[in-house]
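Coordinate inspection notes
Each chain, written out:
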Amino acid sequence: MSAFCFSLDLITPTKGRPMGSSWRLSLMILSAVCFHVRSLDIPLEVEQLPTITQQAPRLLIAFPFDESYTFECKARGNPEPEYHWTKNGFRFDPRQDPRLIMEDDAGSFTIPSGKNITQYGGRYRCYASNRLGTAVSEETQFIVSNSPKFPKEKIDPIVVEDGQSVVLECNPPSGIPPRTIYWMTIGLKQIEQNQRVSTGLDGNLYFSNTLEEDSREDYCCFASFPSIPTIVQKTPMAMLVRSRSDDNSTVQRKPSLMAPSGVQTQVRLVKGEDLQLECMAEGFPTPVVTWTKSGENLPNHSSIENFRKRLVIPKINKDNEGIYVCKAENSAGETTHEFHVTVEEPPHWLVKPESQLKSSGSDVHLQCSAAGNPQPEITWMMNGHLLKDAPEFGGQLLGDTVVLHNVKPADSAVYQCQASNRHGTLLVNVNVMVLDLGPLILTEDRKKYEAVVGTTVLLHCKVFSSPPSVTTWAKGDTVDSVAGENFYIQEDGSLKIHNVQKEDAGEYTCFSINSQGNATILASLDIKEATQIVEHPQNLHVVSGNTAQFTCRASYDESLTRSFEVHWEKDNVEISLNQTEFPRYFVEENVLHITNVSHSDQGTYQCVVRTSLDQDLASALLIVQGVPDAPEHLELYEPDNRRVKLKWVPGDDHNSTTTEFIVEYEESRWEPGRWRELQRVSGNQTWAQLDLNGHLDYQFRVSALSAIGRGPPSRPTERYKTPATAPDSSPSNIKSEGNLPHEMIIHWEPLLPVEHNGPGLEYKVSYRQQGVEEDWQEHMVKRHSLVVKNTPPYVPYDVKVQAANDLGWAPEPKVYTVYSGEDLPDMAPSDVAVTVLNSSRIHVSWTPVPVNHVWGLLGGYKVQLWRLRDLLNIEKGPKEKETMVISGNLSYTTVQGLIPFSEYSLMVGAFNGRGMGPSSHPVTFKTPEGVPEKISILKATNAQKDAITLVWSPPLKAHGVLTGYLLQYQMVNDTADFESLHNVTIRGPDSTQWVLKDLETVTRYRFYVSACTRVGCGPPVSEESQTTPTGLAVKSESSDPWFIGSMCAAVALTLVVLIACFVRRNIGGKYSVKEKEDARSDVQSQGATNNASSEYSSDNEKKPLKASLCSLKLDSEENSCGVSMTDSEDEDDRFGEDGSFIGEYAGHKRPGSTEANGAALVTA
């Protein structure tokens, strides 16, 4: 069914316009027409009646700015309908007018805009006909409006006495709505309106009474038509108000109505229109108008307008019927007027006839019934003619029903039912089609369908037949109808399969049969795996500026790969991945990346995976977190000298709960412009009580802290000044130092400037020796230290420091215990003993120095060690000194990392903060023999089919008497696995090569060579080589000039180093060692817990004992080897914490000095 509804309201001259009708200057419903087409769903392949599908609107107005005006008329039917038109009830052929433009394959035509289109105004109707019948369109009224204008006229001046009433008539012209009336002067100044002077619904200007100031010569009425757009002006009118000649007072006058006339008015409106009732009263004094409804209150949705002269009830309904009364009254009397309001309505259907498809011999009943106020009149037509004028009508009209008995194809026709009253018309076309036709399957044969598992699929078999046919479906080669809860045959013959599964795939047959014949088609169904998201995106909380990643992984049927696609949406808007609209979004390996996340990225993200058959959705929420915004609206309140409260309003926390608020202050006296933290409060607290210092000019700000970080600070508060007061506290952390044995320096942490609380800050320092003095010795100072002379070494003192300013003293301070300056220990440790544990490790013990001989706080003990000589050498060389620091009051330690087969001398001394005391008597000991170092060179040469020659050089350090070498070798197979190991013991320390025989031909071997002493063998050096095929030999590298030269250079370099070291030992160069002391600490307790741990004063802790490094220089002063030592007690070389030597030789570090393996070795 198609439906067309129209509305019409023309602006007409106001003269004679009934009171109560609409005066809205716009299109309104004055008459309404609805045109309905009831069509049958008959395929166009079948012969059928015409049905109008499009038609022109009920009202068509020629607006000046329109380019053209189209009268539509389109219909469907078989045979193809032909069209003709009527104008004002007479036949009209648009094709005969060369100005009109006809539309191909339709009955529509267009009137171009331009001059002389007035001739086309009128009422038009379209007819669409074929040999079976005629369909009729509704009538269209085409209005061609002339340009609105006021008539040219000469208006005589109006002369009245003051106090009289007068009406200035406008009588505006008709035109295209909407229309608005204005009263203005010739200078376009609006006439002031009030309860005395106002414009009525008819456009006239009403004066209830006149005053002399109403006199003027340019009262102009303007009519505006914005849809054109046009404004027209009436000839100006002059009005002269004369004063009364008899006296100056105006006689009171009882009210009377200038409009409407009479005592009552009948008002009829259509339901849904706006009711506007108006009473324009005259009299003196100016009457006041009131409104009532007889027997009840005014409707709630009513309003009183135009200075109480107009009652408006929008969208009136049946309940608003009744008698409305306006009363105008003043001090002289009153008058009334009644409006009898009746609400009517246009026709509406009670029973609307339906188009019918019948087969021969059937009966047809067409009922048409409508209601309205007044009651609509029902008119039946056939093919556009009244039934009484249609000779082919063979039925009966029984009341509102058309009855046809035993119909045959010749009875096919288009019937029209029309329901009309004075407010509108309803028209419906009803097709009665009599047809005898076997099943006609409109769906193509052998159509292929695809569906995914679990969905619903529709196999089409759209059938048309008359009489109706019976349709069944079968699967495969059977003729049995499909059965099951998931199979359903629809009314049009199509098969719907719910929740399809793989077994539902196959070929289906649609059978349709009626009394006129039968028909079949085939359809095939292929079932695919469903598309589904197997890895869903997860909700994310991401900090602003970071990257968010949503994963969306899906599975789908492989046959649908070409149509598979993934889309992403944000808040139901698709994300474009072209880097233009969303430059920070990209997808990589099923992951949506959002870089540099901002708060605008927060929202719901949806992954949409789809194929040509189905899709799946998954969504996740992105919460963007950030530091909190700055608090706002800071306010100081409840001030109380040095205390004030501060409150604020938190800013947006950006999805991360505020944990703390940080209150900061800035003061202008000591550090203007610098903000410092004052206080922190809980994140759920929005105020803080601030305890302040005195004599300062503060301002405050607040920032918020969350798990994400600290937000920006707020705007600062106004300034807050505190009064000066005495200090709140005295200095803390009082300590003493003693640079000299009989001197004590007392120092403390001074008060911060903001803690002064007032001007004139000083400190009173009080001290006394514990157990000796009872009275305090006092000094006033402004600095934060005091030097006390002539003190005994390292004795305890009571000390206190009290602050004061011009306003008074701080509270009584705390008393601290400090010590006077230290002196050097005057006794060496006794009973020093050395136990050799192995070739590189010893245990040292001693008897500690008594406390009364330390003369200070014991720092620990220093173990000094000299390597006197290598036991392989007969003569002694220069002494190599190392120093090891043992913190705390310990009496033993372990020294490791010594050089095997060496002779050493050892001494122990105590130290305190002042320095080191005397050392013990030296103890001499020897380390036993050890294993050698690695050999320096190993080469496999002269490879033959069954032999390989190995050549090597001796180790640089034998750590004992060299007895020979251990040679080991093994085969290496193709998988890099090793065979069993073979050992060869080579006697004699002078052996430097060996020929291995009886080897496998063309076989790869790995060789290991290590040097040995009487204790054992050192670490091996490895080399690989391969024997040759039969008859071939690889040239021996030992005969190669390059190899010989390399070996000679290595031997020569070794000899030069040895000679230089020997010469340097004989020269006996000296080293100056600077002693470095640790900061004083409570080493007594530290020593008890560390259990002989070593503390070093150099930066070379935890380093093993290293051999002496020789610095080869050209000049005699720097051509030295760092092995000789001085015996000075202030030389301070170090051990590692594990007892190993550091080997630090302190002196002036010159350019070219060497630091090897992390040990600070300096030549001097």
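Rules used in this analysis
- Residues numbered from 1 in each chain as written.
- Predicted model: local features only at pLDDT ≥ 70, side-chain atom pairs only at ≥ 80, totals over all residues.
- Heavy atoms only, no water.
- Pairing = 2+ DSSP bridges.
- Helix = DSSP H or I, 4+ residues; strand = E, 2+ residues; numbered from the N terminus.
- Axes fitted to C-alpha atoms, helices over the stretch in contact; angles between N-to-C directions.
- Patch = residues over 30% accessible without salt bridge, like charges linked within 9 Å, V, L, I, M, F, W, Y side chains within 5 Å.
- Areas by Shrake-Rupley, 256 points an atom, 1.4 Å probe, with all protein chains shown as cover.
- Salt bridge = Lys/Arg side-chain N within 4 Å of Asp/Glu carboxyl O.
- Lys, Arg positive; Asp, Glu negative; His and termini not counted.
- Charge placed at Lys NZ, Arg CZ, Asp CG, Glu CD.
- Buried < 20%, exposed > 50% of the residue type's maximum accessible area, 1.4 Å probe, protein only.
- pLDDT = per-residue confidence, 0-100.
- Contact = heavy atoms within 4.5 Å.
- 1 Å grid on protein atoms, 1.4 Å probe; cavity = no way out; pocket = protein on both sides within 12 Å on 5 of 7 lines; lining within 4 Å.
- Points joined across faces, edges and corners; volume = space filled by probe spheres on them.
- Nonpolar A, V, L, I, M, F, W, Y, C, P; charged D, E, K, R; others polar.
- Disulfide = S-S within 2.5 Å.
- Polar contact = N/O pair within 3.5 Å; in protein donor to acceptor, adjacent residues only side chain to side chain.
- Core = buried A, V, L, I, M, F, W, Y, C linked by side-chain atoms within 4.5 Å.

**Things to note about the sheet that holds strand β36 (residues 396-398)**
As summarised here, the arrangement of the 3 strands in space is β32-β37-β36, forming an open sheet in which the pairing is antiparallel. The sheet is open, and its two edges are formed by β32 (364-367) and β36, each paired on a single side. When strand polarity is set aside, the average angle formed by the axes of neighbouring strands in this sheet is 20 degrees. Both β36 and strand β37 (residues 401-404) contribute to a ladder of 3 bridges, which runs antiparallel. Across the sheet, the residue bridging to Gln396 is Val403, located in β37.

**What to know about a negative patch on the surface**
Taken together, the side chains of Asp629, Glu632, Asp652 and Asp653 make up a negatively charged region of the molecular surface. Along the chain, Asp629 turns up in the loop between β58 (615-625) and β59 (632-640). A relative accessible area of 32% means that Asp629 is categorised as partly exposed.

**Observations concerning the confidence of the model for the protein**
Here the protein averages 84 in pLDDT, while 84% of its residues score no lower than 70. Within the protein, strand β89 (residues 1110-1111) has the poorest average pLDDT of any element, 30, and strand β18 (residues 205-207) the best, 97. This model gives residues 1035-1043 a pLDDT under 50, and the stretch forms 15 contacts once residues within four places in sequence are excluded.

**Notes on the pattern of salt bridges**
Enumeration according to the criterion identifies 41 salt bridges in this entry. Here Glu344 and Arg268 are joined by a salt bridge, their closest N and O atoms 3.9 Å apart. With Glu344 in strand β30 (residues 333-351) and Arg268 in strand β23 (residues 264-270), this pair connects stretches of sequence that are 76 residues apart. With a closest N to O distance of 2.5 Å, Arg422 and Glu344 form a salt bridge. In this pair, Arg422 sits in the loop between β38 (413-421) and β39 (424-434) while Glu344 sits in strand β30, placing the two residues 78 residues apart along the sequence. Looking at Glu344, the relative accessible area reads 5%, which means it is buried. Where salt bridges share partners, they join Arg268, Glu344 and Arg422 into one cluster.

**Some remarks on the layout of surface pockets**
Think of a ball as big as a water molecule: rolled over the atoms, this probe shows where empty space is left. There is about 520 Å³ of room inside the second largest pocket. For the second largest pocket, the lining is made up of 18 residues, of which Val463, Phe464, Ser465, Glu491 and Asp492 are closest to its centre. Tallying contributions element by element places strand β43 (residues 463-466) first for the lining of the second largest pocket, with 3 residues. Considering only residue class, the lining of the second largest pocket consists of 9 nonpolar, 5 polar and 4 charged.

**Topic: the environment of Tyr556**
Mapped onto the secondary structure, Tyr556 falls in the loop between β52 (553-555) and β53 (565-570). Using a relative accessible area of 28% as the deciding quantity, one classes Tyr556 as partly exposed. In this structure, the C-alpha to C-alpha distance between Tyr556 and Lys528, residues 28 residues apart in sequence, is 8.6 Å. In this structure Tyr556 touches Ala530, Thr531, Thr561, Phe564 and Thr611, once residues within four positions along its chain are discounted.

**Considering the state of the cysteines**
Counted according to the given criterion, the structure contains 7 disulfides. Two residues, Cys73 and Cys126, share a disulfide whose sulfurs are 1.8 Å apart. What sets the handedness of the Cys73 and Cys126 disulfide is the S-S torsion sign, and at about -75 degrees it is left-handed. Taken as a pair, Cys73 in strand β6 (residues 73-78) and Cys126 in strand β11 (residues 122-130) lie far apart in primary sequence, 53 residues in all. Through a disulfide, Cys279 is tied to Cys326; the S-S separation comes to 1.8 Å. Measuring handedness by torsion sign, the sulfur bridge of Cys279 and Cys326 sits at about -85 degrees and is left-handed. Taken together, the positions of Cys279 in the loop between β24 (275-278) and β25 (280-284) and Cys326 in strand β29 (residues 322-330) put the pair 47 residues apart, joining distant regions of the chain. One exposure class covers both Cys279 and Cys326, and it is buried. Cys221 provides the cysteine sulfur closest to Cys220, a residue in no disulfide bond, and the two sulfurs are 9.0 Å apart.

**Some thoughts on the pairing of β43**
Neither face of β43 is open: one carries Val463 and Ser465, the other Phe464 and Ser466, and all of them are buried. Across 3 bridges, the pairing between strand β40 (residues 437-441) and β43 is antiparallel. Following the sheet pairing, Ile441 is matched in β43 by Val463.

**Focus: the sheet that holds strand β15 (residues 166-168)**
The 3 strands lie next to each other as β15-β18-β17, forming an open sheet whose pairing is antiparallel. Edge positions in the open sheet fall to β15 and β17 (197-199), since each of these has one partner strand only. Taking the axes of each pair of neighbouring strands and ignoring which way they run, one obtains an average angle of 20 degrees across the sheet.

**Considerations on the side chain of Gln802**
Here Gln802 shows up in strand β71 (residues 796-805). For Gln802, the side chain forms a polar contact with the main-chain oxygen of Ala810, separated by 2.8 Å. For Gln802, the residues in contact, after removing those within four places along its chain, are Ser730, Glu762, Tyr763, Lys764, Trp809, Ala810, Pro811, Glu812 and Pro813.

**Considerations on the nonpolar core**
Counting 31 residues, the largest nonpolar core has Phe71, Trp85, Phe109, Ile111, Tyr120, Tyr124 and Phe142 as the members making the most contacts within it. Looking at which element gives the most residues to this core, the answer is β11, with 3 residues. When residues no more than four places from it in sequence are discounted, the contact partners of Phe142 are Leu60, Ala62, Tyr69, Phe71, Ile111, Tyr120, Gly121, Gly122 and Tyr124. Core analysis: the second largest hydrophobic core is formed by 25 residues, Ile61, Phe63, Ile191 and Val241 among them.

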